Amino acid sequence: MSHSAHVLRRAARSIWENLYLHSVSVGVIASALLLVGVFLSVQFNLNRMVTDWTRDVHVSAYFLPDVPEQRRFAIRERLAKDPRVAKVVYVSEEEAQDWLIARVEGVSTALAELGPGVLPASVEITLVDGAVAAPNSFVDLLPADEFSDVDMGQDWVARFNEFLRTLQLLGALLGVIITATALFVVSNTVNLVIYSRRDEVEIEKLVGASTSFIIAPFLIEGAIQGVAGGVLAVGGLWSVHAVLVHRLQNSIQIGVANEMVFLPPTWIGLLVAAGLVLGLGASTLSVTRFLSRAA
Amino acid sequence: MIRLYRVSKEYAGVGALIDVSVHVTKGEFCYISGPSGAGKSTLLKLLYGAIKPTRGKLLINNIDMGPAKDRDIAHLRRHMGVVFQDFKLIPRRTVAENVGLALEVLGTPREVIGRRVAAVLSIVGLRGRGDELPLSLSGGEQQRVAVARAIVNDPAVILADEPTGNLDGAMAIEVMEVLQAVNLRGTTVMVATHDAGLMQRFPYRTLRFRAGRLEAS
Ligand SMILES: Nc1ncnc2c1ncn2[C@@H]1O[C@H](COP(=O)(O)OP(=O)(O)O)[C@@H](O)[C@H]1O
Ligand SMILES: [Mg+2]
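Owing to the predicted nature of the structure, the values given are computational and were not obtained by experimental measurement.

### Concerning the site of ligand 1
Residues and elements named next belong to chain B. The environment of ligand 1 is made up of Tyr-11, Ala-16, Pro-35, Ser-36, Gly-37, Ala-38, Gly-39, Lys-40, Ser-41 and Thr-42. A distance of 3.0 Å separates an oxygen atom of ligand 1 from a polar backbone atom of Gly-39. Within the backbone of Lys-40, an N or O atom sits 2.8 Å from an oxygen atom of ligand 1. Here ligand 1 loses 57% of its free accessible area of 560 Å² to cover by the protein chains. Looking at which element gives the most residues to the shell around ligand 1, the answer is helix H1 (residues 40-47), with 3 residues. Class assignment of the residues belonging to the shell around ligand 1 gives a composition of 4 nonpolar, 5 polar and 1 charged.

### A word on the packing of helix H3 (residues 95-104) of chain B against helix H4 (residues 110-123) of chain B
Packed helix pairs are characterised by how far apart their axes lie and by the angle those axes make with each other. All names here are of chain B. The interhelical angle for the contact between H3 and H4, taken along N-to-C directions, is 120°, at an axis separation of 9 Å. The angle between the axes of H3 and H4 places the two elements in the oblique class. For the pair H3 and H4, the sense of crossing is right-handed. Residue-level contacts link Val-95, Ala-96, Val-99, Gly-100, Leu-103 and Glu-104 of H3 to Ile-113, Arg-116, Val-117, Val-120 and Leu-121 of H4. Here the residues of the contact of H3 with H4 sort into 8 nonpolar, 1 polar and 2 charged.

### As for unusual backbone geometry
Residue and element names in this part refer to chain B. Although it is not a glycine, Asp-19 adopts a positive phi angle of roughly 55°. Within the fold, Asp-19 resides in strand E2 (residues 14-24). The backbone of Phe-87 shows a phi angle near 65°, a positive value even though the residue is not glycine. Among the structural elements, Phe-87 can be located in the loop between strand E6 (80-84) and H3.

### Concerning the side chain of Ser-60 of chain A
All names here are of chain A. Inspection of the secondary structure assignment puts Ser-60 in strand E1 (residues 58-63). Of the polar contacts made by the side chain of Ser-60, one reaches the side chain of Glu-124; its length is 2.9 Å. Residues within four places of Ser-60 in sequence aside, it is in contact with Val-123, Glu-124, Asp-149, Val-150 and Asp-151.

Reading guide: rules and limits
Residues numbered from 1 in each chain as written. Chains lettered and ligands numbered in written order. Predicted model: local features only at pLDDT ≥ 70, side-chain atom pairs only at ≥ 80, totals over all residues. Heavy atoms only, no water. Near = heavy atom within 4 Å. Polar contact = N/O pair within 3.5 Å; in protein donor to acceptor, adjacent residues only side chain to side chain. Areas by Shrake-Rupley, 256 points an atom, 1.4 Å probe, with all protein chains shown as cover. Helix = DSSP H or I, 4+ residues; strand = E, 2+ residues; numbered from the N terminus. Nonpolar A, V, L, I, M, F, W, Y, C, P; charged D, E, K, R; others polar. Axes fitted to C-alpha atoms, helices over the stretch in contact; angles between N-to-C directions. Parallel < 35°, antiparallel > 145°, perpendicular 65-115°, else oblique. Left-handed = near helix turned anticlockwise from the far one by under 90°. Contact = heavy atoms within 4.5 Å.

Take it as geometry only, folks, not as evidence of what the structure does.
Dropping the structure here:
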């Protein structure tokens, strides 16, 4: 429709005529989203690592020496039937000793001197993925009078998860503050753009322009700014990511560098969408305020 | 066409227009005259819907302007041309773009706008000047651009508030001749002015105001 053609032309022209102000807006939106994006990236990667770690988590339960072998097998069977358990391996005293001797040089003579039964027999339990969340629920399957020690390998993972949740909360707070600040700054630059064109708005009203005709270009400008800011932020984020991976690869922590990934497409899309909402929101705010004052 | 029945307009309790009743018929040319502060601009603002009457009834094309919404007023203005003393052209836009704005608002296609603007520019004696910027024109020419913008959508009525106030004699006459020509094509024209010489040279019905009251019509 020719209405939308006029509107697009007016928006493009306004961007051109106020290139400096629009650049400021785009820069502010890009910076804000870059900050949020870096935070999201860090969190995303930490989350991923934790998920990887929890996948290898075992529960090691060490038998008291006087539990008869039959009983140990029975416990292993019972554990194997539990839905939370992916795999159970029974490790006898001898196997434990062999395992240690194979890995630690010179330990065999020391073990020989100490005699048998230094290393306890154990069950090594691998959990199914979801079961990690509630490690303590295994206590019922591992009665205290038969086990000397239960090593819940994921204790620290749980603590790390808690740390991640705190980080998430902090991130959300930071995100809100950054977004609000950006909204404020951008809405003020939009104000300047509107102010520089107030004569135009007045004349448009005099020739009978509808409200939508008057505000549409401003909203389109806001949307374009927002998307441009979002795309810039994604570009910046990609650069930061590439530089970081490169640096880490050149230093010792090759393992960490290989594990770092860029945000998945949905998150990138959300970041750009956030830019759109920001730009559109700021211009809507300014233009409605301007029109209500002018009326 | 335009009907006022006992219209008053007060600013903070002070009457700018007091108890005005008047009827302007379709195709008429009439002046709104009176000294500064008499209420001329106030009357025109009421007519193009920038302000609402405090009391009384104001009908334009049988639309009651009292309760009219912003939307109704916008629609009404599409059949109205308004001209001001200070021209109100957009300095960043060419002459053709300034004139075309009144059609853009209606969603008129670009090619049609181009044709209409060219036609109207030759009516006001500015044929071929469409690509110039307003500030490169003389005052009289700028005001004729404003008149071109006012008539480009074939309005039923033109309201002009001291359209010659910023112009010297010769330029004022140029503008008045254009307004007269537009009136001859059937458009109602109302011109607020306190220029007695002009009213003598182009004699028409005169609504004379003093301190907000209609003295003679
Ligand atoms: N927005 C306003 N607020 C308060 N008083 C106003 C306003 N506009 C006009 N007036 C007053 O109303 C009276 C008529 O003004 P106006 O219609 O502009 O006169 P004219 O155009 O004939 O010079 C004047 O006394 C003026 O001071
Ligand atoms: Mg006046």
